[in-house]
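In case you want the letters, here they are:
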Amino acid sequence: MSALSPAALLLLLLTTTHAALAHVLLGRSWRQLPIFWVTAAAGCLIATLLGWRFPLNIPAPAGIPMLEASLLAWILLIVVSRLRL
């Protein structure tokens, strides 16, 4: 059995969920799906590695700032969706 940490699994699920939803809402072709996935992963990882936190009392399961990671992922996804890819 592989030893995938809870934080890594949560980031993987969060990234995949955001990329799939962005592709349904903003995507125009299938080749954008991997681009959306990489973009969502970058947004989630940047927010997590920087430790970006709002001054709110929001739980962070496995140390992942869910709200901040989601917000940054969506900002990047919207920017990438506007590019002609």
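Report on the accompanying structure. Quantities reported herein were computed from a predicted structural model and do not represent experimental measurements.

1. Here we look at the overall build of the protein
1) Next: Within the protein, the regular secondary structure consists of three helices and zero strands.
2) Next: Reading the protein from its N terminus to its C terminus gives the helix and strand order α-α-α.
3) Next: For the protein, the residues scored as buried account for 29% of the 85 residues in total.
4) Next: Long-range pairs, those at least 24 residues apart, make up 62% of the contacts in the protein with a sequence separation of at least 6.
5) Next: In the form shown here, the protein has an accessible surface area of approximately 5,500 Å², with 74% of it arising from carbon and sulfur atoms.

2. Some points on the nonpolar core
A general tendency of soluble globular proteins is for nonpolar side chains to be buried together.
1) Next: Judged by nonpolar contacts, Leu11, Leu14, Cys44, Ala47, Ile64, Ala69, Leu72 and Ala73 together constitute the single largest core of eight residues.
2) Next: Contributing elements (two or more residues each) for this core: α1 (6–26), α2 (32–50) and α3 (66–82).
3) Next: It is α3 that contributes the most residues to this core, three residues altogether.
4) Next: Ignoring sequence-local partners within four residues, the contact set of Ala47 consists of Trp52, Pro65, Glu68, Ala69 and Leu72.
5) Next: Within the second largest apolar cluster, six residues are counted, among which are Ala19, Phe36, Ala40 and Val80.

3. Notes on unusual backbone geometry
For residues besides glycine, phi is generally negative; the peptide bonds are generally trans as well.
1) Next: Despite not being glycine, Ala62 shows a phi value in the positive range, around 60 degrees.
2) Next: In this fold, Ala62 is placed in the loop between α2 and α3.
3) Next: Taking relative accessible area as the criterion, Ala62 reaches 46% and is therefore assigned partly exposed.

Parameters at a glance
Counting of residues starts from 1 at the beginning of each chain's written sequence and follows it residue by residue. This being a predicted model, a pLDDT of at least 70 is required before a residue's local features are given, and a value of 80 or more before pairs of side-chain atoms are given or counted; all residues contribute to the totals for chains, interfaces and linings. Side-chain metrics rest on all non-hydrogen atoms present in the structure, leaving aside hydrogens and water. The secondary structure listing takes helices from DSSP runs of H or I that are at least 4 residues long and strands from runs of E that are at least 2 residues long, numbered from the N terminus. Under the scheme applied here, a residue whose accessible area is under 20% of the maximum for its type counts as buried, over 50% as exposed, and between as partly exposed, the area being computed with a 1.4 Å probe on protein chains only. Throughout, a residue-residue contact means that at least one pair of heavy atoms, one from each residue, lies within 4.5 Å. Where accessible areas are quoted, they stem from the Shrake-Rupley method and a 1.4 Å probe; at the residue level, only the protein chains shown are allowed to cover. Working definition of a nonpolar core: buried Ala, Val, Leu, Ile, Met, Phe, Trp, Tyr and Cys residues. They are joined through side-chain atoms within 4.5 Å.

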